[in-house]
Amino acid sequence: MGGTITAIRIQKKNPRRASLYLDGKFALGLAIEVVQDWGLRRGQVLDDAELEALRRAEGEHQALRDALRLLNERPRSTAEVRERLMRRGYEEEQVERVLSRLTELGLLDDRTFARAWVENRRAFRPRGRPALAAELRKKGLAPEIIAEALEASPPEEEAAQALLLARRRAPALQGLDRPAFFRRLQSFLARRGFSAEVVRQVVEQVWEEIDRR
């Protein structure tokens, strides 16, 4: 029910929030930013529709704060943020408005996220293109965005990464005969998502390098 604002009190436990009283009774808690944005003041009359809109604005503000906390923890895709906010019980309309706002601010950008993911994998945990594509699909990224990100990691670079990993792994396999060496190293590279052709070429090259020593 609507009513007249009789008090707006800063909460003792959280000075960033205020308690709104209508006709002498507690109505709802609000972020200070929402109070300021709405220009709320004592004596102001809020009808039922305005009070409901105020509740929705508060929910959207909290959804935005939660989204920013998620993004401060680590970069995330739009789908990841959407899923986390929906899981926390926010209304779909509120979530979509928050996502749109974050996108406008440049804080959510799936193309940037995808490129950064590929670059990070390339630098610290090399993966084959199929494995990278699978990881990005799990992040909820669109096929065209995944394709664009993988274009920045051409096949020859994938082969170079596989070769680097294989050379690092090879010393632990020295002493094995050719079939066992091939089997172990192929399995190692396959688990990291490199294509069968890349794996075959790389293992053959590393075996030849060892055999010539």
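Right above here is the structure, for reference.
Predicted model, so just to flag it, every value in this text is computed and none were measured.

Next up on the list: the sheet that holds strand 2 (residues 17–22). Read across the sheet, four strands follow the order 3-2-1-4 without closing on themselves; strand pairing throughout is antiparallel. Looking at the sheet topology across the chains shown, the edges are occupied by strand 3 (25–31) and strand 4 (45–46). Here strand 2 runs beside strand 3; their pairing, made up of six bridges, is antiparallel. Its bridge partner being in strand 3, Leu20 is matched across the sheet by Leu28. Strands strand 2, strand 3 and strand 4 of the sheet are contacted by helix 2 (residues 48–73), whose axis makes an angle of about 40° with strand 3.

Counting across every chain of the model gives five aromatic pairs. Ring centres of Tyr21 and Phe26 lie 5.9 Å apart, and the angle between their planes is 75°; on these two criteria the pair is classed as edge-to-face. For Tyr21, a relative accessible area of 19% puts it in the buried group. Look at Phe26 and you get partly exposed, because its relative accessible area is 49%. With centroids separated by 6.2 Å and ring planes inclined at 65°, the aromatic side chains of Phe182 and Trp207 adopt a geometry described as edge-to-face. Placement of the pair is Phe182 in helix 9 (residues 178–190) and Trp207 in helix 10 (residues 196–211), with a sequence separation of 25 residues. On the accessibility criterion, Phe182 (11% relative accessible area) is buried. By relative accessible area, Trp207 is classed as buried at 16%. One residue, Arg9, lies across the ring of Tyr21, its end atom 4.6 Å from the ring centre.

A few words on the pairing of strand 2. With respect to burial, strand 2 is a largely interior element, six of its six residues being buried. Because side chains alternate across strand 2, one face comprises the buried residues Arg17, Ser19 and Tyr21, and the other comprises Ala18, Leu20 and Leu22, equally buried. Between the antiparallel neighbours strand 1 (residues 3–10) and strand 2 lie six residues. As consecutive antiparallel partners, strand 2 and strand 3 are separated by two residues, and within that stretch Asp23 has a phi angle of approximately 50°, a positive value.

End to end, helix 5 (residues 110–124) covers 21 Å across 15 residues, agreeing with the expected 21 Å (1.5 Å per residue, within 8%). Listed as buried for helix 5 are Asp110, Phe113, Ala114, Trp117, Val118 and Arg121. Along the long axis of helix 5, the arc covered by the buried residues comes to 130°, so they all point the same way. Exposed residues on helix 5 whose side chains face more than 90 degrees from its buried face are Ala123 and Phe124. The N-terminus of helix 5 is capped by Asp109, whose side-chain oxygen sits 3.0 Å from the backbone nitrogen of Arg111.

The phi torsion at Asp23 lies on the positive side, around 50°, for a residue other than glycine. Tracing the sequence through the fold places Asp23 in the loop between strand 2 and strand 3. Residue class for Asp23 comes out partly exposed when judged on its relative accessible area of 48%.

So, about the packing of helix 2 against helix 3 (residues 78–87). The description of two helices packed together rests on the angle between their axes and the distance between the axes. At a minimum axis separation of 10 Å, helix 2 and helix 3 run at an interaxial angle of 130°. Classified by the angle between their axes, helix 2 and helix 3 sit oblique to one another. When the axes of helix 2 and helix 3 are compared, the crossing they make is right-handed. Along the contact surface, helix 2 presents Ala63, Asp66, Ala67, Leu70 and Leu71, while helix 3 presents Val81, Arg84 and Leu85. Class assignment for the residues of the contact of helix 2 with helix 3 results in six nonpolar, no polar and two charged.

Conventions used here
- Residues numbered from 1 in each chain as written.
- Predicted model: local features only at pLDDT ≥ 70, side-chain atom pairs only at ≥ 80, totals over all residues.
- Heavy atoms only, no water.
- Pairing = 2+ DSSP bridges.
- Helix = DSSP H or I, 4+ residues; strand = E, 2+ residues; numbered from the N terminus.
- Contact = heavy atoms within 4.5 Å.
- Axes fitted to C-alpha atoms, helices over the stretch in contact; angles between N-to-C directions.
- Phe/Tyr/Trp six-rings, centres within 6.5 Å; stacked < 30°, edge-to-face > 60°.
- Buried < 20%, exposed > 50% of the residue type's maximum accessible area, 1.4 Å probe, protein only.
- Lys NZ or Arg CZ within 6 Å of the ring centre and 35° of its normal.
- Expected span 1.5 Å × (residues − 1).
- Arc of directions from axis to C-beta.
- Polar contact = N/O pair within 3.5 Å; in protein donor to acceptor, adjacent residues only side chain to side chain.
- Parallel < 35°, antiparallel > 145°, perpendicular 65-115°, else oblique.
- Left-handed = near helix turned anticlockwise from the far one by under 90°.
- Nonpolar A, V, L, I, M, F, W, Y, C, P; charged D, E, K, R; others polar.

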